[in-house]
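Listed below, chain by chain, are the residues.
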Amino acid sequence: MVYIFAAHKGEVEHLIKKLSLGKRKTSFPFLQYEGEEILLTITGQGQINASASVASTLQEEKAKKGDLLLSLGSAAAILGRKRPSEDLLGRWFWIQSLEQESTGRKFYPDLLYKPDFPEAGLITGDKILELDFMEYRDTVSEGVSGFSNTLLYDMESAAVFQAANFYLAPEDFFFLRCVTDFGVSPDEEKMPFSPLSRQERMQALLQKEEDKVLRFIVFLQEKSKERRKEEEGELAFRQQLQSLSESLHCSFVMEKQLERLLRYAFLQGISAEEVREYLERYFGRQNSGNDALQDAENGAKEELLKGVGKDIDKQGRLTLIDKRAGKKALSSLKEWILSERILQVKCNGSGNLLQIHDNDSEVISPIPCERSGITLPEGKWEKSYPYQDHFRHIYVEEALLQSPETKGILQKFPKAKVIPIKHYKDVFNRKKQGRLAQSHSRKLILAKKEGQRLYDGAVVCQDFSESHFCYTSLLMNCPFHCAYCYLQGMYPSSNLVMFLNLEDYFADCRKWIAEKGSLYLCISYDTDLLAMEGIYPYVEEFARFLNQENALRIEVRTKAGGEGLWRKMQRLPLSSEGRKRMIFAFTLSPEEIIEEAEEGTARLSSRIFAIQKALEEGYLVRLCFDPMIYHPHWKELYGALLQEVFEKIPMEQIHDCSLGSFRISESYLKAMGKALPHSPHTQFPYENTGGYYHYPKKLMEEMEGFLYSRLQEKLPKEKIFRWDSQEVDSVNEK
């Protein structure tokens, strides 16, 4: 559903006619008009009216995440020191940020699409704007490229955002405002209007670009229809799940296992009909003409398998007596699905790549990007709006706007729109964000990291026998998009946060070394810094710092590769001794896994090339076969991977190796399942040990044992670090 809100009927009267909306005849306290996939509500003027109408409408209609909200209306342009020209009058703007004047709080709708409207900021006040009010408002942007100094004013928008965010996601908020004046003046003759009545003047201005607004509304209608079909598909799945759960006598826990198993099966191309046939073949029987009598004589509890494929009443019936039999059927179904099929669905969000170049025009960071818009039927107002390119909007904390680091980054994105923010959490930690939607058009956030900056390594990661093993987060999220990555369950947003206060990180490292004597620091622990080196030289700066601290060792983990990475390593300002204290850890996966699940990362050949060059430059290199990702042909894939590695990499020069199969904390996987419900990596039927999900024990031991035995052919066991799930158990017991 598309929920449209406007303060006054006069602001949308012509749109109501063009969209053929009919008036609702109800006792609802706010005037409403409805049409196909549209409900338009007249809120009344002011924040209290706006908040009350939005909240009551969304509550009454049982609005949910996935519904769309469009706020329309008139606004005044704030003059400021650089007074706007009169050609602003009648222009519609897409609002990029909202500020509540009375509290100073700011709100940020997601800007995922490329509409036909220029962008502007907006202030929501409690009274009508006076001419020449708030002249200071454009001073914050002085000297900052990419900053839009168009600032509008209304009396409802901030309240609309706050009320709607209890129900809907910020990526589904759209605020459009038409400039109809520059504020109120006691002397009307000084206003730049023709001698028409105020209402007629406003109507004429609102209709000036009406067709653009209509096209956008129709686009939202089509979006809503698409989502409605998705909801119907999910409802059908739920019905199938419930029917099968009852047939198998599932407990609550068993039903959750069954749900994950069915989602995984369907994603692999196993149809509901095939599931039905399998269960019928092994747990059903042919109906005789006297089924009812036979059931009564045997005292059996039999349930029809309904909703999964066609009706099987004439084909067979499940002969499940109790929950124990259901468990047996569930276990058998799981083994069949894992053994019979190959992964057919690639990771979500695949599409074109936005490539970031350094000064040598070498591709440094290919970032997954979906650029194709939704194709709409041809028509007078119908139009497709593609996604914005990645990093087309850059949010910058106000304290960093004038910093040389910020200016250097912004110079690399001359077309980006810069939006000042007070704190990165105002954007990154908003309620009800959708990671999958944001992944189509990711935003960059430049911030300062306060509080703790060094962390102890997590129990699911090897510490390589280091006594002071720590990691630090210089980025929140990763420029790559690996379908199995735990970051998708760790962070509420897909946007990328860059922390620029490196001197504070260095000070923390010095303090740690002074207290503990040494430090082993992973600086690319939960991201890929080398992929971002063309935007900001994190690794280069840490290399300089490494030269100053002899008790420091640094690990840089990456899935990047190629000649560009090699040249970066060549230019690092490190002595030969310093290169022995910087470890480059390369994650290696079979090419099929890279293609299916590691979107945007370097090909296997490019990673091997970078490893060869790193060894030639005298760096320590760690090979990370971690995480191993399940594939029905995993043994062949990982066998071929090792064969290529052994042929092209001098294993005697490798510092060490790590291996481990995929594992993830229970809380992260739960969040990933909600964010990416259609990913085979979030729906795999894992097992849970001590709060951590992993592959079934037999499969996990077979996969890791195979790789471990093959690595022992080339390396002593002292150089092979294997993740041990028993360590997690011991930590949990403590």
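Asks: Is there a simple way to explain the overall build of the protein chain in this structure?
Replies: A count of helices and strands for the protein chain gives 24 helices and 32 strands. By sequence separation, contacts in the protein chain at least 24 residues apart represent 78% of the contacts at least 6 residues apart. Surface accessibility of the protein chain: about 31,400 Å² in total, with carbon and sulfur atoms responsible for 48%.

Asks: For this particular structure, what's the right way to read the sheet that holds strand E16 (residues 417-421)?
Replies: Spatial strand order, E16-E15-E17-E22-E20: five strands in an open sheet with mixed pairing. Where the open sheet ends on each side, the last strands, each with one partner, are E16 and strand E20 (475-476). Relative to strand E17 (residues 444-447), helix H10 (residues 404-411) is tilted by about 165°, and along the sheet it contacts strand E15 (393-397), E16, E17 and strand E22 (496-499).

Asks: Can you walk me through the packing of helix H2 (residues 47-60) against helix H3 (residues 157-164) in this structure?
Replies: Packed helices, taken two at a time, are described by their axes: the angle between them and the distance between them. Packing of H2 against H3 leaves a shortest axis separation of 8 Å and a crossing angle of 30°. Comparing the axis directions of H2 and H3 gives the class roughly parallel. Crossing angle aside, the handedness with which H2 passes H3 is right-handed. Contacts from Gln-47, Ala-50, Ser-51, Val-54, Ala-55 and Leu-58 of H2 reach H3 at Ala-158, Ala-159, Val-160, Ala-163 and Ala-164. Partitioned by chemical class, the residues of the contact of H2 with H3 number nine nonpolar, two polar and no charged.

Asks: Even after reading the chapter, I still don't get the confidence of the model for the protein chain, so can you show me in this structure?
Replies: Considering every residue of the protein chain, the mean pLDDT works out to 83; 81% of them sit at 70 or more. Of all the helices and strands in the protein chain, helix H8 (residues 291-298) carries the lowest mean pLDDT, 40, while E17 carries the highest, 98. In this model residues 138-144 is a low-confidence stretch, pLDDT under 50, and it forms 14 contacts with partners more than four residues away in sequence or in other chains. This stretch, residues 342-381, has a pLDDT under 50; its non-local contacts, to residues over four places away or in other chains, come to 120 contacts.

Asks: I would appreciate a short explanation of the nonpolar core in the present structure.
Replies: A general trend in soluble globular proteins is that nonpolar side chains are found buried together. Core analysis: the biggest nonpolar cluster contains 171 residues, and Leu-72, Met-498, Phe-542, Met-582, Leu-623, Phe-625 and Tyr-695 have the highest contact counts within it. By residue number, the principal contributor to this core is helix H5 (residues 210-247), which donates nine residues. Setting aside anything within four residues of it in sequence, one finds Phe-542 in contact with Leu-474, Leu-502, Tyr-505, Phe-506, Leu-521, Ile-523 and Ile-554. Ranked by size, the runner-up nonpolar core spans 32 residues in total, among them Leu-58, Ala-77, Phe-93 and Tyr-167.

Asks: Teacher, can you tell me more about the packing of helix H20 (residues 634-648) against helix H23 (residues 697-711) here?
Replies: Relative orientation of the contacting elements H20 and H23 amounts to 20°, with a least axis distance of 11 Å. Between H20 and H23, the angle falls in the class roughly parallel. Crossing handedness for the pair H20 and H23: right-handed. Packed against H20, whose contacting residues are Trp-634, Lys-635, Tyr-638, Gly-639, Leu-642, Gln-643 and Phe-646, the element H23 presents Leu-699, Glu-702, Met-703, Phe-706, Leu-707, Arg-710 and Leu-711 at the interface. Within the contact of H20 with H23, the residues separate by chemical class into nine nonpolar, two polar and three charged.

Asks: What is the right way to read the sheet that holds strand E24 (residues 552-558) from this model?
Replies: Backbone hydrogen bonds hold the strands of a sheet together, and the pairing may be parallel or antiparallel. Spatially, E18-E19-E23-E24-E25-E27-E28-E32 is the arrangement adopted by the eight strands of the open sheet, whose pairing is mixed. If you trace the sheet from one side to the other, it starts and ends with strand E18 (454-456) and strand E32 (720-722), each paired once. This sheet shows a mean twist of 25° between the axes of neighbouring strands, independent of strand direction. Pairing of strand E27 (residues 620-628) with strand E28 (residues 656-661) involves five bridges; the strand directions are parallel. If you follow Phe-625 over to E28, its bridge partner there is Leu-659.

Asks: Looking at this structure, I do not really get the environment of Phe-625. What am I missing?
Replies: Topologically, Phe-625 is positioned in strand E27. Assessed through its relative accessible area of 0%, Phe-625 is described here as buried. Measuring from C-alpha to C-alpha, the distance between Phe-625 and Cys-657 comes to 7.4 Å, with 32 residues separating the pair along the chain. Residues contacting Phe-625, with those up to four places away along its chain left out, are Leu-588, Leu-641, Leu-642, Val-645, Cys-657, Ser-658, Leu-659, Gly-660, Leu-707 and Leu-711.

Asks: Looking at this structure, I do not really get the packing of aromatic side chains. What am I missing?
Replies: The description of an aromatic ring pair uses the distance of the two centres, along with the angle that the planes make with each other. Evaluation of the coordinates by the stated rule reveals 39 aromatic pairs. Pairing Trp-634 with Phe-706 gives two aromatic rings, centres 5.7 Å apart and planes at 80°, and the pair type is edge-to-face. Taken as a pair, Trp-634 in helix H20 and Phe-706 in helix H23 lie far apart in primary sequence, 72 residues in all. When sorted by exposure, Trp-634 lands in the same class as Phe-706, which is buried. Here a set of aromatic residues connected by ring pairs shows up, and it is made of Tyr-113, Phe-117, Phe-174, Phe-216, Phe-219, Tyr-385 and Tyr-387. The ring of Tyr-693 is capped by Arg-260, whose NZ or CZ atom sits 5.7 Å from the centre of that ring.

About the cut-offs
Residues numbered from 1 in each chain as written. Predicted model: local features only at pLDDT ≥ 70, side-chain atom pairs only at ≥ 80, totals over all residues. Heavy atoms only, no water. Helix = DSSP H or I, 4+ residues; strand = E, 2+ residues; numbered from the N terminus. Contact = heavy atoms within 4.5 Å. Areas by Shrake-Rupley, 256 points an atom, 1.4 Å probe, with all protein chains shown as cover. Pairing = 2+ DSSP bridges. Axes fitted to C-alpha atoms, helices over the stretch in contact; angles between N-to-C directions. Parallel < 35°, antiparallel > 145°, perpendicular 65-115°, else oblique. Left-handed = near helix turned anticlockwise from the far one by under 90°. Nonpolar A, V, L, I, M, F, W, Y, C, P; charged D, E, K, R; others polar. pLDDT = per-residue confidence, 0-100. Core = buried A, V, L, I, M, F, W, Y, C linked by side-chain atoms within 4.5 Å. Buried < 20%, exposed > 50% of the residue type's maximum accessible area, 1.4 Å probe, protein only. Phe/Tyr/Trp six-rings, centres within 6.5 Å; stacked < 30°, edge-to-face > 60°. Lys NZ or Arg CZ within 6 Å of the ring centre and 35° of its normal.

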